[in-house]
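Remarks on the overall topology
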Amino acid sequence: MAKKRTVRTIHQERTPVRELDPLIRNRNFEEVNCGYTELEAIRESERCLFCPDPKCIAGCPVSINIPDFIQKIGEKDYRGAYNIITATNLLPAVCGRVCPQENQCEGVCTVGENLVPVAIGRMERFIGDLAITNGWVNKPYIQPTKSANGSSFKIGIVGSGPSGMACAADMAKAGCDVTVFEAFHEAGGVLRYGIPDFRLPNTVVDAEIEKLKELGVKFECNVLVGRLFTIEAMIEELGFHAVFIGTGAGYPTMLGIPGDSLNGVLSANELLTRCNLMRARDFPNVDTPLPLGKHVVVVGAGNTAMDALRVSKRLGAETVACVYRRSKAECPARAEEVHHAEQEGIEFHWLSNPIEIIDDGEGSVHAIRCIRMELGAPDDSGRRRPVPIPGSEFEIETDEVVYAIGTNANPIIGQTSKLKLNKRGYIETDKNLMTSLAGVFAGGDIVTGAATVIEAMGAGRKAARGMKAYLGIRDVGPLRVDGSLFGIDAREHNFTRVRAMV
Amino acid sequence: MILSLPFWSKETDMSTPAASAYQPFEILAREDYSPVTYMLEVHHPQMARAAQPGQFVIVMSHATGERVPLTIADFDREKGTITLVIQAVGKTTMEMQQTCQVGTVLHGMAGPMGIPSHLSGAKKVICVGGGLGVAPVYPQARAWKESGAYVIGVLGFRSNDLVFWEDKFRAICDELIICTDDGSAGIHGFVTDGIKQAMEQHSDIKEVVAIGPPVMMKASANATRAAGIKTMVSLNPIMVDGTGMCGGCRVKVGETVKFACVDGPDFDGHQVDFDDLIIRLKRYKEEERVATERWTASCRMNEPSLATA
């Protein structure tokens, strides 16, 4: 670098990204955010100060070497940038789109102390998309790891969502024979059924899964682990040396108010699964139907709620409203999603709590009755607790109510194995993410409760480290060496061969 | 690190199935029981080993198809097959009636799903099947018989020409009562008449299992309520995934809300809110009508006699 950059010398404004016109895009499922062009990415890269003690790396759940990859963008060495990102993050095209960067890397960015922080997520996506377009795959030299009887280590991954994919990638790179089991007919987990196309196109998910297959990972769909065979059987009968469980927290919560079971009340998971996985928006050209509400109310204000709101609008609802018991400041969704939803004509009823769903007399929804809230003293989560204002009830006429108020642990693994669970049904693990069964690891939402894609991926990678230690596979960890592939020093070819002496 | 037990040193690799002559989800046998009822035997050795009475599968017949929950009517661990009995009532089941021939494959079949039926130690039971429910109650009746119980079968059909599996039931039931709506076979009446007849003849019935249309299960549960006989029913609400993820199949059982796919599908019939279930089953009535009409129209278009006309 010629001259040291300072907050004063860099571009003061964050490079804007092109977005589809809100009033056109809210009628289609095309991706809203068009992503940076090359020139835009380079311009934004010039805003990075290359701090000596980069806080952004610490802010990233998988510790991407952010300044280094930004520097590569500045040098137009995009393949180099890709290599740096993929040293720790398998899915840059996904994470660049769906990470809540404002709470992670961008939230701690030094530039952000004075200006709008560096758009790290957008640059990450630029590199991820470029890799897909150009078919870049970092395929390291992998020497198959051998177990004591001379065959490869067999690893079973339960669930093909973000945590399972991350764990699968790391174990494949360590030379193991990895099979991912998915209960649905298509792989991808929440990336497939949950996040809609306008935020994360299915083609991106396909491309990232293809990369895993290049690493030798096998995917088996239509396999409901627990019921088709148990976790115990995987270890004891099916010959898996280690298993990772990433089944997520998909069991939707209902509000528990009168009218919950009326027709027209559904979980966000059901709406999104029908629309995304089953492509019900093309009904009757596909067979799965999706009832279209004219006036849709979505309860909750997390990312899933934003997806449900925006999907409903795109499906042709005349009005779409969000009901949330706290205020906008407390809403857990990514800032960009709320902003996009507002642009697209979604109404927001902040500080409103549903108390009853009213019947139309034939078992369907007619209206939702809410009560206004005000913020009281902070609760356990540190957020101010919403308190109802007496006498402030009001009704919103609606024919479809979508609950996006959180999810619980999926019960199937708990029902079918002896794994130790906590009181709420989540799997208990030690600090290496090993469960109460030797060789069985778990991570992601099924351990922590609902969280983000990147946190689940971080957990998958952490479990992979634990798994390698358990199996006696040497783990070099992510090296910050130029030219390292997937965290593996390219010069070291025997990285998988150092095993415990028995 | 020293690992004390090198468990992988054993030759335990049994996950690779023996080379099979069949493709995954291939249909190995088919039988038509009536103009609308057909039976498929689907190749899935792993599932045939795991399946238990009371469980179900989710079937997708093709890539743009629906995920349809179907109760496992039987399983054959030796042949490695899962038996499904299907009634052509809507677009998907009508289409499957045409396309699912021996040698064709399903796009996908996942399962076995749901909690297996619980076999209590009851010594005398009634197994009630109504219409298509006759099929899924069969493995339960067989399991009761194998556990040493005295099994009374009560099967209800609309008429004699819709009767199926009478022989299979005779082979495992100590008594079999056939009921038809029009009296063309067995006793003239509904399954509730059969249940009453059995209860009159046997004072020591400990449990009833009833599977069939919701109205029939509701009536069966009501028939045993006064006598306080435990009555289990297998619920069939609308589902998408079958893995506890969408909540579409939620049912009211007593004071609680349960998901039929992972908390059931068997529930205490005296606790189930059947009226709620029946309303919820009508959720997609209009969409079902559109899809069925469209399908029927496209079939007419494809008939050669019309295409050439």
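Refer to the structure printed above.
From a predicted model like this one, the values you see are computed outputs, not experimental measurements. (Residues numbered from 1 in each chain as written. Chains lettered and ligands numbered in written order. Predicted model: local features only at pLDDT ≥ 70, side-chain atom pairs only at ≥ 80, totals over all residues. Heavy atoms only, no water.)

**Points about the overall build of chain B**
Along the backbone of chain B there are 10 helices and 16 strands. Relative to its length of 309 residues, chain B is compact, with a C-alpha radius of gyration of 21 Å against a globular reference of 19 Å. Taking the principal axes of the C-alpha coordinates as reference, chain B spans close to 80 × 60 × 40 Å. Here chain B holds 309 residues, and 55% of them are scored as buried. Counted over contacts in chain B with a minimum sequence separation of 6, partners at least 24 positions apart contribute 65%. (Helix = DSSP H or I, 4+ residues; strand = E, 2+ residues; numbered from the N terminus. Rg over C-alpha atoms; globule rule 2.2 N^0.38 Å. Buried < 20%, exposed > 50% of the residue type's maximum accessible area, 1.4 Å probe, protein only. Contact = heavy atoms within 4.5 Å.)

**Some thoughts on the sheet that holds strand β7 (residues 108-113) of chain B**
All names here are of chain B. Read from one edge of the open sheet, three strands run β4-β3-β7, paired in antiparallel fashion. The two strands at the open ends of the sheet, each matched to only one other strand, are β4 (68-71) and β7. Ignoring strand direction, the axes of neighbouring strands in this sheet form an average angle of 25°. Judged from the four bridges that link them, strand β3 (residues 56-60) and β4 form a sheet pairing that is antiparallel. By the bridge assignment for β4, V57 is matched with L70. (Pairing = 2+ DSSP bridges. Axes fitted to C-alpha atoms, helices over the stretch in contact; angles between N-to-C directions.)

**Digging into the packing of helix α4 (residues 66-74) of chain A against helix α5 (residues 78-86) of chain A**
How two helices sit against one another is set out by the angle between their axes and by the gap between those axes. All names here are of chain A. Where α4 meets α5, the closest approach of the two axes is 7 Å, and the angle between their N-to-C directions is 170°. One finds that α4 runs roughly antiparallel with respect to α5. Within the contact between the two elements, α4 uses D68, F69, K72 and I73 and α5 uses Y78, G80, A81, I84 and I85. Taken together, the residues of the contact of α4 with α5 sort by class into six nonpolar, one polar and two charged. (Parallel < 35°, antiparallel > 145°, perpendicular 65-115°, else oblique. Nonpolar A, V, L, I, M, F, W, Y, C, P; charged D, E, K, R; others polar.)

**Examining the packing of aromatic side chains**
Aromatic ring pairs: the centre-centre distance and the angle between the two ring planes describe each pair. Scanning all chains against the criterion turns up 16 aromatic pairs over all chains. Centre to centre, the rings of A:Y251 and B:F259 are 4.2 Å apart; their planes meet at 20°, and the pair counts as stacked. Linking A:Y251 in strand β5 (residues 251-252) with B:F259 in strand β15 (residues 256-259), this pair reaches from one chain into another. Each member of the pair, A:Y251 as well as B:F259, is classed as buried. Taking 5.5 Å as the distance between ring centres and 75° as the angle between the ring planes, the aromatic pair formed by B:Y138 and B:W165 counts as edge-to-face. (Phe/Tyr/Trp six-rings, centres within 6.5 Å; stacked < 30°, edge-to-face > 60°.)

**Here's the deal with the environment of B:H118**
Residues and elements named next belong to chain B. Tracing the backbone shows H118 in the loop between β7 and β8 (124-130). Separated by 66 residues in sequence, H118 and Q52 place their C-alpha atoms 9.9 Å apart. Among all residues touching H118, those that are not within four sequence positions of it are W144 and E207.

**Considering the side chain of B:E41**
All names here are of chain B. Within the element layout of this structure, E41 appears in strand β2 (residues 37-43). Relative accessible area serves as the criterion here: at 14%, E41 is assigned to the buried category. In this structure the side chain of E41 is engaged in a polar contact, spanning 2.9 Å, whose partner is the side chain of K79. With residues near it in sequence (within four places) discarded, E41 still touches E26, I27, L28, A29, K79, T81, I82 and T83. (Polar contact = N/O pair within 3.5 Å; in protein donor to acceptor, adjacent residues only side chain to side chain.)

**Some thoughts on the pattern of salt bridges**
Residues and elements named next belong to chain A. By the definition in use, this model includes 43 salt bridges over all chains. With a closest N to O distance of 2.5 Å, R25 and E344 form a salt bridge. Linking R25 in helix α1 (residues 22-25) with E344 in the loop between α14 (335-343) and β9 (347-349), this pair joins segments that are 319 residues apart in sequence. Overall, R25 belongs to the buried group, its relative accessible area being 0%. By sharing partners, the salt bridges in this structure join R25, R199, D307, R310, R314, R334, E336, E337 and E344 into a single network. (Salt bridge = Lys/Arg side-chain N within 4 Å of Asp/Glu carboxyl O.)

**Looking at the sheet that holds β2(B)**
All names here are of chain B. Taken together, four strands build an open sheet; the order of strands is β1-β2-β6-β5 and the sheet is antiparallel. On the outer flanks of this sheet lie β1 (27-32) and β5 (74-76), each paired with one strand and no other. Geometrically, the sheet is characterised by an average inter-axis angle of 20° between neighbouring strands, direction not taken into account. With five bridges connecting them, β1 and β2 associate as antiparallel partners. Paired with A29 across the bridge in β2 is E41. Of the strands in this sheet, β1, β2 and β6 (81-87) are in contact with helix α2 (residues 91-99), which crosses β2 at around 70°.

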